[in-house]
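Geometric and topological summary
These are the residues of each chain, in order.
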Amino acid sequence: MIQIEIDEGSGFCFGVTTAIKKAEEELAKGEKLYCLGDIVHNGMECERLREMGLITINHEEMRQLHNAKVLLRAHGEPPETYELARQNNIEIIDATCPVVLKLQKRIKEQYDENNDAQIVIFGKKGHAEVLGLVGQTHSNAIVIESSDEVTKLDFTRDIYLYSQTTKSLDEFRRIIDYIQTHISPDATFQSFDTICRSVANRMPNISQFAAKHDLILFVCGRKSSNGKVLYNECLRVNPNSHLVEDPQEIEPHWLEGIQSVGICGATSTPRWLMEQCRDAILNMQ
């Protein structure tokens with residue numbers, strides 16, 4: 001029999017758990033509830049909530065809404081979204097993660113204090129959280145996706161560096177090192193480590209977990225930015241790692257000659273989905 005272990009450290013982070021709980025509470029009242037964007041980057045969980053009545057909309061569809069109730073997910077939104085809600089008499093159920101809210105506030109305060117400086121955000125362009133952060137600066141913040149892009153900054157001007165909450169701590173430090181060695185003596189550079197520790201701490205934990213097993217199944221939606229980072233770490237430690245979105249993607253031949261399987265996932269992966277993958281493996285034996 002193959003030994004199967006589900007990683008205790010994997011699964012929803014605090015922000016996602018809170019957003020889903022708020023959605024379930026509102027839906028239990030029997031009222032119509034809209035969600036601006038996928039509540040979580042996991043298709044199976046989105047489908048479960050859709051069956052409960054949650055209606056996912058985009059920003060364009062929200063502009064057409066009036067006198068409705070809209071949930072904002074953990075990623076957060078720019079100020080324009082709140083203004084639109086006010087104009088259209090939309091009640092906001094705000095499930096923005098407290099870590100993200102704090103970061104938005106810091107960026108807004110920094111921009112208001114010195115809008116001539118370069119506000120730099122290490123993050124994924126177009127990601128919902130990043131759009132909410134950039135919105136605090138009237139879209140003037142500079143987004144860099146990797147340490148390779150740091151060269152495009154103007155090192156003769158002040159730089160204030162922040163990070164999307166789910167980015168790699170190691171790469172963030174590489175960006176800091178580069179700026180510190182290139183910044184003009186006449187310019188100010190400050191960096192703010194705004195990476196969520198409940199996510200950052202998963203990296204060393206998942207490394208240890210991946211090393212323990214013959215085969216790793218990393219369960220997550222392919223849209224998950226945090227999932228990509230964690231899966232790549234699994235792959236680095238254990239080349240016999242596979243990313244699956246659901247149990248149907250598990251290939252029986254992966255299990256040949258395998259004695260132990262580790263199942264883990266992203267901050268957007270529900271526990272019940274990892275359990276379904278475990279059950280699918282048990283049924284293959």
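Everything quoted here is computed from the prediction, not taken from an experiment. Residues take numbers from 1 onward in each chain, read along the sequence in its written order. The predicted origin of the model limits local features to residues at a pLDDT of at least 70 and limits the giving and counting of side-chain atom pairs to 80 or more, whereas totals for whole chains, interfaces and linings rest on all residues. Excluded from the side-chain calculation are hydrogens and water; included are all heavy atoms of the structure.

Here we look at the nonpolar core
For clarity, the threshold we go by: Nine residue types can take part in a nonpolar core, namely buried Ala, Val, Leu, Ile, Met, Phe, Trp, Tyr and Cys, and a core is a set of them joined through side-chain atoms within 4.5 Å. When accessible area is computed with a 1.4 Å probe and restricted to protein chains, residues below 20% of their type maximum are described as buried, those above 50% as exposed, and intermediate ones as partly exposed. Secondary structure elements are defined from DSSP: runs of H or I of at least 4 residues count as helices, runs of E of at least 2 residues count as strands, and each element is numbered from the N terminus. Should any heavy atoms of two residues lie within 4.5 Å, those residues are counted as being in contact.
Core analysis: the biggest nonpolar cluster contains 18 residues, and Leu 153, Ile 159, Leu 161, Ile 175, Ile 179 and Phe 189 have the highest contact counts within it. Of all elements in the fold, only strand S6 (118-122), strand S8 (159-163) and helix H7 (169-182) reach the threshold of two or more residues within this core. In terms of residue count, H7 provides more of this core than any other element does, five residues in total. Residues in contact with Ile 175, not counting those within four places in the same chain, are Phe 122, Ile 144, Ser 146, Ser 147, Val 150 and Leu 161.

A look at the sheet that holds strand S5 (residues 91-94)
What counts is decided by this rule: A strand pair is defined by DSSP finding two or more bridges across the two strands. Every angle, taken between N-to-C directions, lies between 0 and 180 degrees, and every axis is a line fitted to C-alpha atoms, over only the stretch in contact when it is a helix.
The strand order across the open sheet built from four strands is S3-S2-S4-S5, with neighbouring strands paired in parallel fashion. If you trace the sheet from one side to the other, it starts and ends with strand S3 (54-57) and S5, each paired once. Neighbour-to-neighbour, the strand axes of the sheet open up by a mean angle of 35 degrees, direction not taken into account. The strands that helix H4 (residues 79-87) touches are strand S2 (33-36), strand S4 (69-72) and S5; relative to S5, the one it contacts most, it runs at about 145 degrees.

Regarding the sheet that holds strand S11 (residues 241-244)
Taking strand neighbours across the sheet as the criterion, the four strands line up as S1-S12-S10-S11 in an open arrangement whose pairing is parallel. Unpaired on one side and paired on the other, strand S1 (3-6) and S11 mark the two borders of the sheet. Taken over all neighbouring pairs, the strand axes of this sheet differ in orientation by 20 degrees on average, direction set aside. Pairing of S1 with strand S12 (residues 260-265), which is carried by four bridges, proceeds in the parallel orientation.

Examining the packing of helix H2 (residues 43-52) against helix H11 (residues 271-284)
For clarity, the cut-off: Less than a right angle of anticlockwise turn of the near helix away from the far helix marks a crossing as left-handed, whereas a clockwise turn marks it as right-handed. Only Asp, Glu, Lys and Arg are considered charged, only Ala, Val, Leu, Ile, Met, Phe, Trp, Tyr, Cys and Pro nonpolar, and every remaining residue, Gly among them, polar.
At a minimum axis distance of 9 Å, the contact between H2 and H11 shows a crossing angle of 115 degrees. For the pair H2 and H11, the sense of crossing is right-handed. Side by side, H2 and H11 meet where Met 44, Glu 45 and Arg 48 of the first sit next to Trp 272, Leu 273 and Gln 276 of the second. Among the residues forming the contact of H2 with H11, the class breakdown is three nonpolar, one polar and two charged.

Observations regarding the side chain of Lys 167
Rules: Positive charges come from Lys and Arg, negative ones from Asp and Glu, while His and the chain ends are left out of the count. Salt bridges are identified by distance alone: a Lys or Arg side-chain nitrogen within 4 Å of an Asp or Glu carboxyl oxygen.
Relative to the assigned elements, Lys 167 resides in the loop between S8 and H7. In this structure, Lys 167 is buried with no salt-bridge partner, the nearest side chain bearing the opposite charge being Glu 171 at 5.8 Å. Filtering out sequence-adjacent residues up to four positions away, Lys 167 remains in contact with Phe 122, Gly 123, Lys 124, Glu 145 and Ile 195.

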